[in-house]
Amino acid sequence: MDEIRTRPRQHSRLPSAAEQEHYADLIARLRLARQARGYSQASLEHRIGVSEGLVAKWETKARLPGAFFLMCWCSALNVRLTLEEGN
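Residues numbered from 1 in each chain as written. Predicted model: local features only at pLDDT ≥ 70, side-chain atom pairs only at ≥ 80, totals over all residues. Heavy atoms only, no water.

Caption draft 1: Layout of helix α2 (residues 41-48). Taken residue by residue, α2 has L44, E45 and I48 as its buried positions. The arc that holds every buried residue of α2, seen down its axis, measures 105°, which confines them to one face. Structurally, α2 contributes buried residues whose contacts are with α1 (17-36), α3 (54-59) and α4 (67-77). Once α2 ends, the next one or two residues include G49, with phi positive near 90°. (Buried < 20%, exposed > 50% of the residue type's maximum accessible area, 1.4 Å probe, protein only. Helix = DSSP H or I, 4+ residues; strand = E, 2+ residues; numbered from the N terminus. Arc of directions from axis to C-beta. Contact = heavy atoms within 4.5 Å.)

Structure below.
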């Protein structure tokens, strides 16, 4: 019988308090941008191409989007994500 091999699950570290604060600010700004454009969460999900309910999970911080989906989110809202140096 052939052995079935699976990849070990990757564990990511939890974001620090400062990272959580930055994420909260970024997500709040993206939510405001969505609302200002009159998009529902469902219409934004369709524009990004993600499953139903995912934007709600991001906006309530039940899940955090990775870098790829942050860029997709920004693109769908026609906003730019910029970096600035911290203190």
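Caption draft 2: Local environment of the environment of R47. Here R47 is to be found in helix α2. Each C-alpha atom of the pair R47 and S75 lies 9.3 Å from the other, and the pair is 28 residues apart in sequence. At 3.5 Å, the side chain of R47 forms a polar contact with the side chain of Y39. (Polar contact = N/O pair within 3.5 Å; in protein donor to acceptor, adjacent residues only side chain to side chain.)

Caption draft 3: View of the side chain of E45. Summarising the element assignment, E45 is placed in helix α2. The charged side chain of E45 is buried without a salt bridge, its nearest counter-charge being R34 at 8.5 Å. Among the polar contacts listed, one links the side chain of E45 to the backbone nitrogen of L54, at a separation of 3.2 Å. Setting aside anything within four residues of it in sequence, one finds E45 in contact with V50, S51, E52, G53, L54, V55 and A56. (Lys, Arg positive; Asp, Glu negative; His and termini not counted. Salt bridge = Lys/Arg side-chain N within 4 Å of Asp/Glu carboxyl O.)

Caption draft 4: Spatial organisation of the packing of aromatic side chains. In total, this model carries 3 aromatic pairs according to the counting rule given. Residues W58 and F69 carry aromatic rings whose centres are separated by 5.7 Å and whose planes lie at 45° to one another, so their mutual orientation is tilted. Remark: F69 occurs in helix α4 and W58 occurs in helix α3; sequence separation between them is 11 residues. Taking the relative accessible area as the measure of exposure, W58 reaches 2% and is therefore buried. Each ring, one from F68 and one from F69, has its centre 5.2 Å from the other, and the planes form 70°; the classification is edge-to-face. What makes F68 exposed here is its relative accessible area of 59%. Here the aromatic residues W58, F68, F69 and W73 are joined through ring pairs into a cluster of three or more. (Phe/Tyr/Trp six-rings, centres within 6.5 Å; stacked < 30°, edge-to-face > 60°.)

Caption draft 5: Fine view of the packing of α2 against α4. Where α2 contacts α4, the axes come no closer than 9 Å and their chain directions differ by 110°. Of the possible angle classes, the one that applies to α2 and α4 is roughly perpendicular. α4 is crossed by α2, and the crossing has right-handed handedness. Contacts from L44, R47 and I48 in α2 reach F69, C72, W73, A76 and L77 in α4. Of the residues assigned to the contact of α2 with α4, the class counts are 7 nonpolar, no polar and 1 charged. (Axes fitted to C-alpha atoms, helices over the stretch in contact; angles between N-to-C directions. Parallel < 35°, antiparallel > 145°, perpendicular 65-115°, else oblique. Left-handed = near helix turned anticlockwise from the far one by under 90°. Nonpolar A, V, L, I, M, F, W, Y, C, P; charged D, E, K, R; others polar.)

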